[in-house]
Amino acid sequence: MCGITGCVLKEGPAAPLIHESLKRLEYRGYDSCGEATVDGGRLYIKKDRGTIDEVHRRLNLDDLPGRLGIGHTRWATHGAPTRVNAHPHVDCDMQIAVVHNGIIENFAELRMELEELGHKFRSKTDTEVVPHLVEEYMRNGMDFVDACREAIKRLRGSYALAILHAGESRIVCARRESPLVLGVGEDGVYFASDIPAFLPYTNRVVFIEDGEMVVVTEEGYEIRRISDWTPIERRPQLIEWSVEMAERRGYPHFMLKEIHEQPACLRNTLRLREEYLELMTKFLDRAEELFLVACGTSYHACLAASYLFSKLACKSSHPVIASEFIQNYGRALGIGSTILAVSQSGETADTLSAVAYARDKAATILGITNVVGSTLTRLARVYICQQSGPEIGVAATKTYTSQLSVLTQLAIRLGMVRGKIGHVEGEELVDWLWRIPGKVEEVLASQEGRVMELARKYAGSERFLFFGGGINLATAMEGRLKLLEISYIPSLAYARVEDYLLGFVDGATTAVFVCPNTNSGKRLIDDMTLIRDYGVSILALVEEGDDEVHEVADEVIELPHMPLEELTPIPYIVPLQLLAYYISVERGLNPDKPRNLAKSVTVK
Ligand code: G6P
């Protein structure tokens, strides 16, 4: 996730305003940033790695001349956070500057085509193809706006783009899947990935839709559909949010906002670069002995991965909580060992100690993280960035489902490489993975109200038990962790109802069963009946239309059909994240700021 912004003002310098807007978008990314403005037919650019404050201290982002410009704050996904990879990116002649949020899937082929035509690239980013494409079309005689349109038509993937030209007093923006909004003020027109960027200057907002391009001038804006160039009339609407509320896009807490961001984050994980997935699959395949090492939520992703690797690829692995690793597995490590460390922050002290120890023992280190440039990315032989964007809520939500998505993709590839999954089956599975973001959207749309109702009803429970069999043991454990982290209600998670649990349950206990329509799910029906006799309230996550569970459970939350148990953990965790969130709110707590917990535990 990155943030883009910019403006065309009637008067006065744009740069200080863009700088302020970037500060308000910093929650979208903060490993590097930059600005470009136009004045007197010249393009001015400043950019560097570091937070906005650091870059401003070094370069002064406020003294670029001109009344129009663009800005970017980055969260690296393609290419390390370095000065050359920071946005804006320019064409060969430094006439065109571009900022971008999203992932251009076909950038490699476009880059090759443009290099053959003589274009010189400076960065490793996918974005840089855009200024060169526009330049190419302009060289062939098109005017700026037509060239932008033709260039944008060539892009596959996701983007919110802003394009500036040294000889123009207008800026072209476009959107597909990544957010883009305009702000229409008295002093000019603003645009950004998100409303807080320009909210102090105007609250008159126009939302740009997928497949639309906008030409922004000091007087106004013209929206057109890119495909057939139809003009689109859309009037500004008034936004009554405070800046603080707008940063959470109107959600009362970051955690809820991030739960709702999951469909978009999951789509990002499906656009990972082939070569990284391929390379990591190769290392996983060759591993004589494979350890999956992580803490907390990331450990639950590892636990799910051990089922995925085993069931889809017949590859056994050991999921280990990082703090347990050195003591218990250290002596066994050697050149044949491979450690796949999973850490959204890439900085968790226990995970890094395990990794450093294993590296000293000549083990191969692989990493999955959300932060390019984190210590884990420096220690790993190969790493994959899970592309979730910064997560502010302390309780991990979107980073967990993104990790699951990356790990499922790896398991499918591993299965294919090892000859355990045929081509057709592999393609079907990947096809299903692409449907998961839509399924999560369905779950959010259809079940959130229901979960709120249940949270109200069960928030007073004295204890919770979570049950999930097969791969959904990870779902049960993660559901329990969410509730513990933000509601402090004593909770346990198990695969099945064990007899000794019956000794302390009663009417003040709520049991949550993760029951997809699979063998492991069905096995839980008897357990439900058993525990219900002790007065426990039964809440079950079931596939829609599954009447068998309906009869036994007190309450059900319905989930869409998934063809395979291995694909259920992503949609099934979503209602449990919501349940923890709404119970926390019901109990008058702040889910964004759990007691005694920090986002990243960097000390042991
Ligand atoms: C700590 C936190 C957990 C978090 C875990 C892993 O244990 O309390 O909430 O899930 O670290 O964090 P990571 O950044 O490594 O994924």
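Residues numbered from 1 in each chain as written. Predicted model: local features only at pLDDT ≥ 70, side-chain atom pairs only at ≥ 80, totals over all residues. Heavy atoms only, no water.

Trainee: Pulling in residues and values, what's your account of the overall build of the protein?
Mentor: Of the regular secondary structure elements, the protein holds 19 helices and 25 strands. In terms of overall dimensions, the protein is globule-like: its C-alpha atoms have a radius of gyration of 25 Å, near the 25 Å expected for 604 residues. Over its C-alpha atoms, taken along the principal directions, the protein stretches across nearly 80 × 55 × 45 Å. Per-residue burial for the protein yields a buried fraction of 61% across its 604 residues. Taking the contacts inside the protein whose residues are at least 6 apart along the sequence as the reference set, 71% of them involve residues at least 24 apart. As displayed, the protein has an accessible area near 22700 Å², and 47% of this comes from carbon and sulfur atoms. The average position of the 66 basic charges and that of the 84 acidic charges among the side chains of the protein differ by 4 Å. (Helix = DSSP H or I, 4+ residues; strand = E, 2+ residues; numbered from the N terminus. Rg over C-alpha atoms; globule rule 2.2 N^0.38 Å. Buried < 20%, exposed > 50% of the residue type's maximum accessible area, 1.4 Å probe, protein only. Contact = heavy atoms within 4.5 Å. Areas by Shrake-Rupley, 256 points an atom, 1.4 Å probe, with all protein chains shown as cover. Lys, Arg positive; Asp, Glu negative; His and termini not counted. Charge placed at Lys NZ, Arg CZ, Asp CG, Glu CD.)

Trainee: Which residues make up unusual backbone geometry, and what are the values?
Mentor: In this chain, His87 is followed by Pro88 through a cis amide linkage whose omega measures -5°. You will see that Met94, though not glycine, has its phi angle at about 55°, which is positive. With respect to the element layout, Met94 can be found in the loop between strand 5 (89–90) and strand 6 (96–104). Positive phi outside glycine occurs at Tyr488, with the angle close to 60°. Mapped onto the secondary structure, Tyr488 falls in the loop between helix 16 (472–487) and strand 22 (491–494).

Trainee: Describe the site of the ligand, naming the residues involved and giving the relevant values.
Mentor: Taken together, the neighbourhood of the ligand is formed by 11 residues, with Ser298, Ser343, Gln344, Ser345 and Thr348 sitting nearest. Thr297 places a polar main-chain atom, nitrogen or oxygen, 3.0 Å from an oxygen atom of the ligand. Between Ser345 and the ligand, the recorded distance is 2.6 Å, taken from a side-chain N or O atom to an oxygen atom. Burial of the ligand by the protein amounts to 89% of the accessible area it has alone, namely 390 Å². Ranked by the residues each element gives to the shell around the ligand, the list is headed by helix 10 (residues 296–313), at 3 residues. Residue classes in the shell around the ligand are distributed as 3 nonpolar, 7 polar and 1 charged. (Near = heavy atom within 4 Å. Polar contact = N/O pair within 3.5 Å; in protein donor to acceptor, adjacent residues only side chain to side chain. Nonpolar A, V, L, I, M, F, W, Y, C, P; charged D, E, K, R; others polar.)

Trainee: Let's hear about the packing of helix 10 against helix 14 (residues 398–417): which residues, and what values?
Mentor: Look at helix 10 against helix 14: their axes get within 9 Å of each other, and the N-to-C directions meet at 20°. Compared by their axis directions, helix 10 and helix 14 come out roughly parallel. Helix 14 is crossed by helix 10, and the crossing has right-handed handedness. The segment helix 10 lies against helix 14, with Thr297, Ser298, His300, Ala301, Ala304, Ala305, Leu308, Phe309, Leu312 and Ala313 engaging Tyr400, Gln403, Leu404, Leu407, Thr408, Leu410, Ala411, Ile412, Leu414 and Gly415. Residues of the contact of helix 10 with helix 14, tallied by class, amount to 14 nonpolar, 6 polar and no charged. (Axes fitted to C-alpha atoms, helices over the stretch in contact; angles between N-to-C directions. Parallel < 35°, antiparallel > 145°, perpendicular 65-115°, else oblique. Left-handed = near helix turned anticlockwise from the far one by under 90°.)

Trainee: Tell me about the sheet that holds strand 23 (residues 509–515), residues and numbers included.
Mentor: The strand order across the open sheet formed by 5 strands is 22-21-23-24-25, and the pairing between neighbours is parallel. Looking along the sheet, the strands with just one partner apiece sit at the ends: strand 22 and strand 25 (555–559). Between one strand axis and the next, the sheet turns by 15° as a mean value, whatever way the strands run. Summarising the sheet, strand 23 and strand 24 (residues 537–543) pair through 6 bridges and their orientation is parallel. Its bridge partner lying in strand 24, Thr510 is registered against Ser537. (Pairing = 2+ DSSP bridges.)

Trainee: Now, about the environment of Leu541: what can you tell me, with residues and values included?
Mentor: One can find Leu541 in strand 24. The sequence separation of Leu541 and Gly521 amounts to 20 residues, and the corresponding C-alpha distance is 9.5 Å. The residues touching Leu541, leaving out its near neighbours within four places in the chain, are Phe513, Val514, Cys515, Pro516, Ile557, Leu559, Tyr572, Pro575 and Leu576.

Trainee: Describe the nonpolar core, listing the residues and the values that go with them.
Mentor: If you look at the biggest cluster of nonpolar residues, it comprises 82 residues, and the most contacted ones within it are Leu284, Phe309, Leu340 and Leu410. Ranked by size, the runner-up nonpolar core spans 27 residues in total, among them Val98, Leu114, Leu133 and Val215. (Core = buried A, V, L, I, M, F, W, Y, C linked by side-chain atoms within 4.5 Å.)

Trainee: Residues and numbers for the pairing of strand 2 (residues 32–39), please.
Mentor: Look at any regular strand and the pattern is simple: side chains alternate between the two faces of the sheet. Across the 8 residues that make up strand 2, a large majority, 7, are buried. Counting the residues between successive antiparallel strands, the hairpin from strand 2 to strand 3 (residues 42–49) contains 2 residues, one of them, Gly40, with a positive phi of roughly 55°. The sheet contact formed by strand 2 and strand 4 (residues 68–74) spans 7 bridges and is antiparallel. By the bridge assignment, Val38 is partnered in strand 4 with Leu68.

Trainee: Please set out the packing of aromatic side chains residue by residue, giving values where relevant.
Mentor: Taken as a whole and assessed by the stated rule, the structure comprises 9 aromatic pairs. With centroids separated by 5.4 Å and ring planes inclined at 65°, the aromatic side chains of Phe291 and Tyr329 adopt a geometry described as edge-to-face. Taken together, the positions of Phe291 in strand 16 (residues 289–294) and Tyr329 in helix 11 (residues 322–329) put the pair 38 residues apart, joining distant regions of the chain. A residue is classified by how much of its surface remains accessible, and Tyr329, at 30% relative accessible area, is partly exposed. (Phe/Tyr/Trp six-rings, centres within 6.5 Å; stacked < 30°, edge-to-face > 60°.)

Trainee: Report on the sheet that holds strand 11 (residues 204–207), specifying residues and quantitative values.
Mentor: Read from one edge of the open sheet, 8 strands run 3-2-4-1-10-9-11-15, paired in antiparallel fashion. Taken across any chain shown, the strands that pair with only one partner, and hence form the sheet edges, are strand 3 and strand 15 (237–238). In the sheet, strand 1 (residues 3–9) pairs with strand 4 via 6 bridges, with the strands oriented antiparallel. Each bridged residue has a counterpart across the sheet, and for Thr5 the counterpart in strand 4 is Gly71. Set on the sheet, helix 2 (residues 52–59) makes contact with strand 2, strand 3 and strand 4; between it and strand 3 the angle comes to about 125°.

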